[in-house]
Amino acid sequence: MQLHISHSMRSITISSNNGFTDLMKIKIAARHISYRTIFHTILILAFLLPFVFILTALVTLEGVNKCSSIDCLGRRLGPKLLGRGDDSERYLTDFYTILDQVHSEEVPDDLELPDNFKQLVSEMKNNKYDAKTFALTLKGMMERSEREIRESKFQELMNKHFAATSIPKGIHCLSLRLTDEYSSNAHARKQLPSPELLPLLSDNSYHHFVVFTDNILAASVVVSSAVRSSLRPEKIVFHVITDKKTYAGMHSWFALNPISPSIVEVKGVHQFDWLTRDNIPVLEAMENHDGVRNYYHGNHVAGANRSATSPRLFASKLQARSPKYMSLLNHLRIYLPELFPNLDKVVFLDDDIVIQRDLSPLWDIDLGGKVNGAVETCKGEDPWVMGKRFKIYFNFSHPRVAESLDPEECAWAFGMNIFDLRAWRKTNIRETYHLWLKENLKSNLTLWRLGTLPPALIAFRGYVHPIDPSWHMLGLGYQNNTSIESVKKAAVIHYNGQSKPWLEIGYEHLRPFWSKYVNYSNEFVKNCHILE
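What to know about helix H8 (residues 244–256)
If you check H8, its first and last C-alpha atoms are 19 Å apart, about what 13 residues at 1.5 Å a residue would give, namely 18 Å. Along H8, the residues that are buried comprise Thr246, Tyr247, Ala248, Gly249, Met250, His251, Ser252, Trp253, Phe254 and Ala255.

Printed below as a string of structure tokens:
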């Protein structure tokens, strides 16, 4: 950039460095302009020159330095000075308009979509796509990716469902080896508990726990964690109820691994004389009902409208179709007063829990004449775990449900419950449970789909006493974001959900709270390679 003043002081010229192009030329009439005016003009020009230089540099950096300086500056400054927008803004506005059009259009079925971004760029160069074709192609690629991700997610949920409902090889091995031990080892068949301790099985001064399970490893963790966490383990009596096929193995485990000073009783359902199909016609009907059999054992994918279902809802529906929900062991909890006619109070425990604190204060809770001391699941920081109301479990579009229940009524949790059996025997809870099971069978399972909790929610209405949530923390089997600090503070942690800690799909960061109660030094556990 050069400034040239003629010898006669009649003209001032501003030119580019190459000298060929004049940026600005000013002619001065000598008679009418004083030297002071010229001086002031030069000062003003000296002030403006740096800005002209900067603008020229910007033009050069933006790749249009091949044009003349006046042309470039005019192109840059002209539209602004004239109040018109830049071309780039207009192009952007046009592109937004095209995007709005494409958003409301369907991608043509015959549109060939590139497999990846590199191929898209190559085809754009070769075929010279217009903006609309580019936008449609990009939309098609994104929709295809979304479909593939969604299908992968559903496939993952199906695989997880099958993993959750199957028996791990190590646990199956443990059951078989212990069953074989029962037949060949007299110590594995010894009476549980020993004859002199039998009177304590109905002594109400002791703390009685009840577990229904066919999982030997899970039962061992429940019992071990309760005893190790108790301040008075000598006051604990465990009643472990299992099915006929698991009885020998379960008996062997607790006979060969005593938990003195606590007491363990192991009984099979076949050892209860009154527990026959004739006395429990509803359970017989459930097992023989075609709709029930197809629902729990049929194709779990057929008829599922995946396009209208979120992955999370799909996972909930799969969990509801677990065959365990039609297991006799899962329904036995409703017969606790009949199973233990001489007991006044018991704590019921699921087999997927861990006890981390002394539970003896539960027996001191005044239930106020209620039957069931339970944690309510409609109040809590985590809405996915503690946001359960009746509308979650029941089909309120069915007239029978709509006229009988309140969708906003708070639900509660099975898994750790203190039951007052004396108060229970004065109610019609069992009859109500049977009545609603029959209603659901008659309606072809349209009143509810999820297991044994819904009929229990109805049967225990008016008989539930809420207890502090710190007694029973839920969700460790389906909530990956569970707070570790909250887990450490809870008296009982519950791995309800598919991701059980003894399965490979269990959450690794939550498993140690359970696995620390597994006796890995035990010969049978080692030989079956449990959780290796």
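Past the structure itself, the notes keep going.
Remarks on the pairing of strand S4 (residues 207–212)
Side chains on a regular strand alternate between the two faces of the sheet. Judged by how many residues are buried, S4 sits mostly within the fold: six of six residues are covered. Burial along S4 is two-sided: the face carrying His207, Phe209 and Val211 and the face carrying His208, Val210 and Phe212 are both buried. Pairing geometry for S4 and strand S5 (residues 236–242), over six bridges, is parallel. For histidine 207, the partnering residue across the bridge sits in S5 and is isoleucine 236. Summarising the sheet, S4 and strand S7 (residues 345–349) pair through three bridges and their orientation is parallel. Counterpart to valine 211 in the pairing with S7 is leucine 349.

Quick word on the nonpolar core
Counting residues in each nonpolar core, the largest one holds 65 residues, and the members touching the most others are Phe238, Phe254, Leu349 and Ile493. Of all the elements, helix H7 (residues 216–229) adds the most residues to this core, at nine residues. Those residues in contact with phenylalanine 238, other than ones at most four positions away along the chain, are Phe209, Val211, Val222, Val223, Ala226, Ile263, Val264, Glu265 and Leu349. The next biggest cluster of nonpolar side chains, apart from the first, holds 45 residues, and it includes Val210, Leu343, Phe394 and Leu457.

Things to note about the sheet that holds S7
Adjacent strands of a sheet pair through backbone hydrogen bonds, lying either parallel or antiparallel. Spatially, seven strands are ordered S6-S5-S4-S7-S10-S9-S11 in an open sheet, and the strand pairing comes out mixed. The strands lining the two open edges of the sheet, one partner per strand, are strand S6 (263–268) and strand S11 (464–466). Averaged over all neighbouring strand pairs, the angle between strand axes comes to 25°, with direction disregarded. Of the strands in this sheet, S4, S5, S6 and S7 touch H7, which is tilted by about 175° from S5. Sheet strands in contact with H8 are S5 and S6, and its direction is about 160° off that of S6.

What to know about the state of the cysteines
Throughout the structure, instances matching the rule amount to two disulfides. Residue pairing for cysteine 173: its cysteine sulfur links by disulfide to cysteine 528, the two sulfurs lying 2.1 Å apart. Across the S-S bond of cysteine 173 and cysteine 528 the torsion is about -70°, and the bridge reads as left-handed. Pair noted here: cysteine 173 is in helix H6 (residues 169–184) and cysteine 528 is in the segment after helix H21 (523–527), with a separation of 355 residues, a long-range link. For cysteine 173, a relative accessible area of 18% puts it in the buried group. Note that cysteine 378 is cross-linked by a disulfide to cysteine 410, the S-S spacing being 1.9 Å. Disulfide cysteine 378 to cysteine 410: torsion about the S-S bond roughly -105°, handedness left-handed. A residue pair is termed long-range when its members are at least 10 positions apart, and cysteine 378 in the loop between strand S9 (372–374) and helix H14 (390–393) and cysteine 410 in the loop between helix H15 (399–404) and strand S10 (416–420) qualify at 32 residues. The same class applies to cysteine 378 as to cysteine 410, namely buried.

Some remarks on the pairing of S10
Counting buried positions along S10 gives five out of five residues, so the element sits mostly inside the fold. Judged by which residues are buried, S10 turns out to be covered on both faces: Met416, Ile418 and Asp420 on one side and Asn417 and Phe419 on the other are all buried. For S7 and S10, the ladder comprises five bridges, and the chain directions are antiparallel. Each bridged residue has a counterpart across the sheet, and for phenylalanine 348 the counterpart in S10 is asparagine 417. Where S9 and S10 come together, two bridges link them in antiparallel fashion. When the bridges of S10 are listed, glycine 373 appears paired with isoleucine 418.

Things to note about the packing of H7 against H8
Close contact between H7 and H8 brings their axes to 10 Å; oriented N to C, the two are set at 35°. Handedness of the H7/H8 crossing: right-handed. Counting all contacts with H7, which are made through Ile216, Ala219, Ser220 and Val223, the residues of H8 involved are Thr246, Gly249, Met250, Trp253 and Phe254. Class assignment of the residues belonging to the contact of H7 with H8 gives a composition of six nonpolar, three polar and no charged.

Topic: H6
Two residues of an α-helix separated by three or four positions point the same way, owing to the 3.6 residues in each turn. With 16 residues, H6 extends 23 Å between its outermost C-alpha atoms, agreeing within 8% with the 22 Å of an ideal straight helix rising 1.5 Å per residue. Along H6, the residues classified as buried are Gly170, Ile171, Cys173, Leu174, Ser175 and Leu178.

Let's talk about the packing of aromatic side chains
By the definition in use, this model includes 14 aromatic pairs. An aromatic cluster of three or more residues is present, and its members are Phe212, Phe348, Trp412, Phe414, Phe419, Trp424 and Phe460. Sitting above the plane of the phenylalanine 272 ring, lysine 267 keeps its charged end 4.4 Å from the centroid. Across the ring face of phenylalanine 414, the terminal group of arginine 333 is positioned such that the distance to the ring centre comes to 4.6 Å.

Observations concerning a nonpolar patch on the surface
Together, Leu92, Tyr96 and Leu99 give the surface a local cluster of nonpolar side chains, amounting to about 280 Å² of exposed area. With respect to the helices, strands and loops of the structure, leucine 92 is situated in helix H3 (residues 87–103). Judged by relative accessible area, which is 42%, leucine 92 ranks as partly exposed.

With respect to the environment of glutamine 479
Its location among the elements puts glutamine 479 in the loop between S11 and helix H19 (484–489). With a relative accessible area of 10%, glutamine 479 lands in the buried category. Between the alpha carbons of glutamine 479 and valine 385 there is a distance of 7.6 Å; along the sequence they are 94 residues apart.

Some remarks on unusual backbone geometry
Looking along the chain, the bond that leaves leucine 192 and enters proline 193 is cis, with omega of -10°. Structurally, the position occupied by proline 193 is in the loop between H6 and S4. The omega angle of the peptide bond from serine 260 to proline 261 is 15°, so this bond is cis rather than trans. With respect to the element layout, proline 261 can be found in the loop between H8 and S6. Although it is not a glycine, asparagine 444 sits at a positive phi angle of roughly 60°. With respect to the element layout, asparagine 444 can be found in the loop between helix H17 (429–442) and helix H18 (453–459). Here asparagine 444 falls in the partly exposed class, since its relative accessible area comes to 46%. Residues other than glycine seldom take positive phi values, yet histidine 529 does so here, at roughly 55°. In this fold, histidine 529 is placed in the segment after H21.

Rules used throughout
Residues numbered from 1 in each chain as written. Predicted model: local features only at pLDDT ≥ 70, side-chain atom pairs only at ≥ 80, totals over all residues. Heavy atoms only, no water. Helix = DSSP H or I, 4+ residues; strand = E, 2+ residues; numbered from the N terminus. Expected span 1.5 Å × (residues − 1). Buried < 20%, exposed > 50% of the residue type's maximum accessible area, 1.4 Å probe, protein only. Pairing = 2+ DSSP bridges. Core = buried A, V, L, I, M, F, W, Y, C linked by side-chain atoms within 4.5 Å. Contact = heavy atoms within 4.5 Å. Axes fitted to C-alpha atoms, helices over the stretch in contact; angles between N-to-C directions. Disulfide = S-S within 2.5 Å. Left-handed = near helix turned anticlockwise from the far one by under 90°. Nonpolar A, V, L, I, M, F, W, Y, C, P; charged D, E, K, R; others polar. Phe/Tyr/Trp six-rings, centres within 6.5 Å; stacked < 30°, edge-to-face > 60°. Lys NZ or Arg CZ within 6 Å of the ring centre and 35° of its normal. Patch = residues over 30% accessible without salt bridge, like charges linked within 9 Å, V, L, I, M, F, W, Y side chains within 5 Å. Areas by Shrake-Rupley, 256 points an atom, 1.4 Å probe, with all protein chains shown as cover. Salt bridge = Lys/Arg side-chain N within 4 Å of Asp/Glu carboxyl O.

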